[in-house]
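Descriptive analysis of the structure
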Amino acid sequence: MFRRLSSFLLVLLAGAGIGWLASGLAGALAGVIAGAMVWFFTDLARGSRVILWLRDPQAREAPTLWGLWGEAADRSRRLLRARDQQLIESEARLQAFLAAIQASPNGVAILDRQGYIEWFNQTAAKDFGLDPQRDLGQQIGNLVRDPVFAGYYAGRDYGHEVLLAGRGSTPQRPVQLSVQLHPYGDGRLLLLSRDVTALAQAEAMRRDFVANVSHEIRTPLTVLSGFIETLQSLELDPTERERYLGLMAAQAERMQTLVQDLLTLSRLEGSPPPGFSEWIAAEELCSLCVDEGRALSVLLWPEPAAPQQVRLHAVPAISLAGSSSELRSALSNLVSNAVRYTPAGGQIDITAEILSDGRVEFAVTDTGPGIAPEHLPRLSERFYRVDRSRSRESGGTGLGLAIAKHVAQRHDGELIMTSVLGQGSRFALVLPANRFRPAVAVGQGGAMRAPRTGERSGRSGPARQPPQPRT
Ligand code: ADP
């Protein structure tokens, strides 16, 4: 301020001095007026430069001035720079926030007070079929036409979520979306969507499983309690009594087999996959399963039925890495199925082969009734049976192939099922190359451990429930 005043006085003095020299007192007066005017217009010009720059600071360079206007320009420049910095920072924060919502596995859309879409992420675009170019600024009610959503949106009761059929949902491949609106701010809405197809499927599977298990247990239980009632109420002769007790034992054994298979499945699901510390000789694994199969065959098809031929072909001298009890259980189930479903006089071949792609395959081929192609994809589902009565009569639980498939997957392999109706079936357990190595002589860690007392290898052999007399 002092500098400004002194510069003003200096200009007046200079004007007065020049005027005095030119024409005395009158000149000095005119010089003072002229100095004041020069000072005023110069100041006006400098102030205008600052104002012009402040009107559009992005487009113009800040003026470099001295004095009061210089300081004003300087301070304005610093304030503008701080504001720009703040803008950059909040823009970066906004972008980071939007990127986080963009990465969300759930669909998110922001609606204004009238329900017009302000922003949405990719998941919401996928869930509702929205197009970022076309649909921003559109009314949500016009774009999501599902009547369930329309009713929910119009009802304005957003305290609960609604389930909608997702885009591309078909009866064969249902897609389910859980959608909820959350009011926030001054009447805006946050639309959240979540794909709950897998959850709904798991819940449906759980319900089916419980219903199936209950049904499987209820049948033998009903029969059993019927016999108990008969034994309690009727005077039976010893032969009849013996027959009834035999039937009861068969029903009890059926339940036991079921529980055993359920426990095996739950163990397979609940334990970590087998590692590479236990090695099993393939020859021994196959021989054990074949022996069990032959024993079951004799039990199921006693003379005078024509005997089945259960043949084991040459097995490569390899050892397998994994769980011996699981592998035995899987292969046993395949052999036992072949024996149970192939009629008397049929042929069952067990082969082990190293495939051209380096994997090893254990296959059980039979000359049984075969399976129609439409059943094949569902065979390894729990409790899925093609011939329900044949399965039950021969002691099946409907869980054998589910167990075999689980075991294959836990050993990084697969269960391949092929069949020709009327000609026979082939079930192959295929394991990857890293799951086997050349067999090591017994005593060097290549032998299979014996099953523990009470441990059942599978559902075949002596442990298998004998064929039940019809009740
Ligand atoms: P189950 O205990 O009923 O045999 P599985 O899971 O082992 O249950 O097999 C499922 C169904 O697949 C069986 O009920 C049967 O209908 C069919 N199946 C399995 N193996 C054979 C086979 N070798 N030949 C014909 N059908 C078979």
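Below is a short write-up of the structure. The structure presented is a predicted model; accordingly, all values stated were derived computationally and were not measured. The residue numbers shown here count from 1 along each chain, following its written sequence. Only residues with pLDDT of at least 70 get local features here, since the model is predicted, and only at 80 or more are side-chain atom pairs given and counted; chain-wide, interface and lining totals rely on the full set of residues. To get the side-chain values, all heavy atoms of the structure are used, and hydrogens and water are removed first.

**Section: unusual backbone geometry**
- A cis geometry characterises the amide bond from E303 onward to P304, with omega recorded as 10 degrees.
- Looking at the secondary structure, you find P304 in the loop between α9 (282-300) and β7 (309-312).
- With phi around 60 degrees, R156 is a residue other than glycine that occupies positive phi space.
- By secondary structure assignment, the location of R156 is in the loop between α6 (147-155) and β3 (162-165).
- A positive phi angle, near 70 degrees, is found at F383, a position not held by glycine. The secondary structure listing takes helices from DSSP runs of H or I that are at least 4 residues long and strands from runs of E that are at least 2 residues long, numbered from the N terminus.

**Re the sheet that holds strand β1 (residues 107-111)**
- For two strands to pair, DSSP has to find at least two bridges joining them. Spatially, the five strands line up as an open sheet ordered β2-β1-β5-β4-β3, and their pairing is antiparallel. Unpaired on one side and paired on the other, β2 (117-120) and β3 mark the two borders of the sheet. Sheet twist, expressed as the mean angle between neighbouring strand axes with direction ignored, is 25 degrees.
- Pairing of β3 with strand β4 (residues 176-184) involves four bridges; the strand directions are antiparallel. Of the residues in β4, the one forming a bridge with L164 is L177. Note on definitions: angles span 0 to 180 degrees between N-to-C directions of axes, and those axes are lines fitted to C-alpha atoms, for helices only across the stretch in contact.

**Details of the pattern of salt bridges**
- Criterion for a salt bridge: a side-chain nitrogen of Lys or Arg within 4 Å of a carboxyl oxygen of Asp or Glu. Going through the model one piece at a time under the given rule, you end up with 25 salt bridges.
- Its salt-bridge partner being R382, residue E269 comes within 2.0 Å of it at the nearest N-O pair. One end of the pair, E269, is in helix α8 (residues 238-270); the other, R382, is in the loop between β10 (360-366) and α11 (388-393), with 113 residues separating them in the sequence.
- Note on R382: relative accessible area 27%, which makes it partly exposed.
- Connected through salt bridges with shared partners, the residues R113, E118, D186 and R188 form a single ionic network. A simple rule labels every residue: compare its accessible area, found with a 1.4 Å probe on the protein chains alone, to the largest value its type can have, and call it buried under 20%, exposed over 50%, or partly exposed in between.

**Describing the packing of helix α10 (residues 324-341) against helix α12 (residues 400-410)**
- With their axes 9 Å apart at the nearest point, α10 and α12 run at an angle of 140 degrees to one another. Put simply, α10 runs oblique to α12. Classified by chirality, the crossing of α12 by α10 is left-handed. Contacts between α10 and α12 involve E326, L327, S329, A330, N333, L334 and N337 from the former and G400, L401, I403, A404, V407 and R410 from the latter.
- Broken down by class, the residue content of the contact of α10 with α12 amounts to seven nonpolar, four polar and two charged. For this classification, under 35 degrees means roughly parallel, over 145 means roughly antiparallel, 65 to 115 means roughly perpendicular, and everything else is oblique. Handedness of a crossing follows from how the near helix is turned relative to the far one, being left-handed for an anticlockwise turn of less than a right angle and right-handed for a clockwise one. The contact criterion used is simple: two residues touch if any of their non-hydrogen atoms lie within 4.5 Å. Under the grouping applied here, Gly and all other residues not named as nonpolar or charged are polar, the nonpolar ones being Ala, Val, Leu, Ile, Met, Phe, Trp, Tyr, Cys and Pro and the charged ones Asp, Glu, Lys and Arg.

**Digging into the site of the ligand**
- Contacts to the ligand come from 21 residues, most closely from N337, Y341, S391, T397 and G398.
- We call two N or O atoms a polar contact when they sit within 3.5 Å, provided that within protein one can donate a hydrogen and the other can accept it, with sequence-adjacent residues counted only if both atoms are side-chain atoms. Side-chain polar atom of S391 to an oxygen atom of the ligand: 2.5 Å apart, as the coordinates give it.
- In these tables, accessible area is a Shrake-Rupley quantity obtained with a 1.4 Å probe, and a residue counts as shielded only by the protein chains included in the view. In the complex, 98% of the free accessible area of the ligand, which totals 520 Å², lies under the protein chains.
- Those elements that place two or more of their residues in the shell around the ligand are α10, α12 and β12 (424-431).
- Sort the elements by how many residues they give to the shell around the ligand and α10 lands first, with four residues.
- Tallied by class, the residues present in the shell around the ligand amount to nine nonpolar, seven polar and five charged. A cutoff of 4 Å decides nearness: a residue is near a molecule or strand if any of its heavy atoms lies inside that distance of it.

**Some remarks on the pairing of β2**
- As paired strands, β1 and β2 are joined by three bridges and run antiparallel to one another. Paired with L111 across the bridge in β2 is I117.
- Once β1 ends, the chain turns through five residues before running back antiparallel as β2, passing G115 with a positive phi of about 85 degrees.

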